[in-house]
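# Observations on chain architecture
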Amino acid sequence: MKVFDRLESMWIRAVAWVLDRVFHRRRVPALNVGKVSPQVGHGAPGDLRRSLNVILTRFMATDSQAIDYQALRSSEEFGELMMCTRGLRGLDLQKLNSREERLAFWINLYNALLVHAVIAYEIYGNILDSRWIFRSARYEVGGYAVSLDEIEHGILRGNRSAPYVPAKTFEPNDPRRGLVIRDPDPRIHFALHCGAKSCPPVAAYEPDRIDAQLDSAVGSFLESGGMVIDRGTGRVTLSSLFRWYRGDFQRAGGLRNFLERHASAVDAEFLRSRPDVRFEWSPYDWTLAAA
């Protein structure tokens, strides 16, 4: 290993050690351990997507996007999701040939793991009180163990660091670097559901429609309070998501450009007409989005 790689590995491990103690990381088994039904076999991304979609159809409130975790916990649908994720342990990840397939799979896996973790670890109240789940809750998939943070920051964000964390997610010699999606798409931030009320809602993403679905997710998020414009004062208040991941938007052409592409026609025109506008950030509600 090159000297730089060795130093980077040491730095990532040191930062991870500190984070584990600050956030009280727990050593817990993967949530998809257990026997696999013969009908499930090695699982498939399509099975995960269908299972997640059924759960959202039956247990997510249409008016608030909150999930009825209590009803879901003892449901047949949750049992099917658990069985489906167990099958993913034998998934051949090399068969995810296209970028669209990889994006849809890892987004769906993240959202399924978050829902599973909330139920398995009996998370209530404020998500930040249980922030350890983002580093601890994990699935085994295709021979790899991946946590929520590793899916988001390691795979979907191109092995970047989490907000306020001064180190990348995967070390130079980590075999999971082969799973990283290069040139990450900042629209993923509006597809990943962290469980809190201010998070984008959960959805099941399909490879052949994912581009349109991601556009829709961004537009819906902006329209539902992610961007609030006060035309009297010219104040534009954005969700804190845009502040935490501003670097991702800058790399993709800039935050303003991103907003102008995805906002409604009226809001986009306002932004174009006010080059001097300054952005402010709204407080983030970390209360569990539970029905």
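Relevant structure appears above.
Throughout what follows, the structure given in this document is the object of discussion. Owing to the predicted nature of the structure, the values given are computational and were not obtained by experimental measurement. (Residues numbered from 1 in each chain as written. Predicted model: local features only at pLDDT ≥ 70, side-chain atom pairs only at ≥ 80, totals over all residues. Heavy atoms only, no water.)

## Considerations on the pairing of strand S2 (residues 144–147)
Two elements, strand S1 (residues 138–141) and S2, share four bridges in a ladder whose sense is antiparallel. By the bridge assignment, glutamate 140 is partnered in S2 with alanine 145. Connecting S1 to the antiparallel partner S2 that follows it, the hairpin turn spans two residues, and glycine 142 within it adopts a positive phi of roughly 55°. (Pairing = 2+ DSSP bridges. Helix = DSSP H or I, 4+ residues; strand = E, 2+ residues; numbered from the N terminus.)

## Quick word on the environment of glycine 247
Mapping glycine 247 onto the fold places it in helix H10 (residues 246–251). Each C-alpha atom, one on glycine 247 and one on proline 200, is 19 Å from the other, the two residues being 47 residues apart in sequence.

## Describing the sheet that holds strand S3 (residues 227–230)
Read across the sheet, three strands follow the order S3-S4-S5 without closing on themselves; strand pairing throughout is mixed. The open sheet has two edge strands with one neighbour each: S3 and strand S5 (279–282). Neighbour-to-neighbour, the strand axes of the sheet open up by a mean angle of 25°, direction not taken into account. Packing of helix H8 (residues 210–226) onto the sheet brings it into contact with S3 and strand S4 (235–239), and relative to S3 it is tilted by some 50°. Along the sheet, helix H12 (residues 265–273) contacts S3, S4 and S5; its crossing angle with S3, the most-contacted strand, is approximately 60°. (Axes fitted to C-alpha atoms, helices over the stretch in contact; angles between N-to-C directions. Contact = heavy atoms within 4.5 Å.)

## Regarding unusual backbone geometry
The phi dihedral of asparagine 159 is positive, around 55°, even though this residue is not glycine. When you line up the elements, asparagine 159 lands in the loop between helix H7 (148–156) and H8. For asparagine 159, a relative accessible area of 5% gives the class buried. Of note, aspartate 183 is a non-glycine position whose phi angle comes to about 50°, a positive value. Relative to the elements of secondary structure, aspartate 183 occurs in the loop between H7 and H8. Aspartate 183 gets classed as exposed once you look at its relative accessible area, which sits at 67%. (Buried < 20%, exposed > 50% of the residue type's maximum accessible area, 1.4 Å probe, protein only.)

## Quick notes on the packing of aromatic side chains
If you walk through the whole model with that rule in mind, you get 11 aromatic pairs. Measuring from ring centre to ring centre gives 6.2 Å for phenylalanine 190 and phenylalanine 249, while their planes differ by 45°; the resulting arrangement is tilted. Of this pair, phenylalanine 190 sits in the loop between H7 and H8 while phenylalanine 249 sits in helix H10, and the two are 59 residues apart along the sequence. Here phenylalanine 190 and phenylalanine 249 have matching classes, each one buried. A ring pair is formed by phenylalanine 242 and phenylalanine 249, whose centres lie 5.3 Å apart and whose planes are at 35°; its orientation type is tilted. (Phe/Tyr/Trp six-rings, centres within 6.5 Å; stacked < 30°, edge-to-face > 60°.)

## A short note on a nonpolar patch on the surface
Nonpolar side chains collect at one region of the surface, where Val3, Leu7 and Met10 lie side by side and expose about 320 Å² of accessible area between them. Turning to its location among the elements, valine 3 is positioned in helix H1 (residues 3–22). Owing to a relative accessible area of 56%, valine 3 belongs among the exposed residues under this scheme. (Patch = residues over 30% accessible without salt bridge, like charges linked within 9 Å, V, L, I, M, F, W, Y side chains within 5 Å. Areas by Shrake-Rupley, 256 points an atom, 1.4 Å probe, with all protein chains shown as cover. Salt bridge = Lys/Arg side-chain N within 4 Å of Asp/Glu carboxyl O.)

## Brief notes about the nonpolar core
Within the largest apolar cluster, 84 residues are counted, with the highest numbers of intra-cluster contacts made by Phe105, Trp106, Leu109 and Phe242. With 14 residues, the single largest contributor to this core is helix H5 (residues 99–120). Phenylalanine 105 has contacts with Pro45, Leu48, Leu88, Leu91, Leu93, Leu96 and Val141, leaving out every residue within four places of it along the chain. In terms of nonpolar packing, the next biggest core, distinct from the first, is built from six residues, Ile12, Ala162, Val165 and Ala167 among them. (Core = buried A, V, L, I, M, F, W, Y, C linked by side-chain atoms within 4.5 Å.)

## Topic: the packing of helix H4 (residues 76–87) against H5
Running from N to C, H4 and H5 point in directions that differ by 120°, and their axes come no closer than 11 Å. Put simply, H4 runs oblique to H5. Between H4 and H5 the crossing geometry is left-handed. Between H4, through Phe78, Leu81, Met82 and Thr85, and H5, the contact on the second element is made entirely by Ala112, His116 and Ile119. (Parallel < 35°, antiparallel > 145°, perpendicular 65-115°, else oblique. Left-handed = near helix turned anticlockwise from the far one by under 90°.)

So, to be careful, I would describe these as geometric facts and stop short of saying anything about function.
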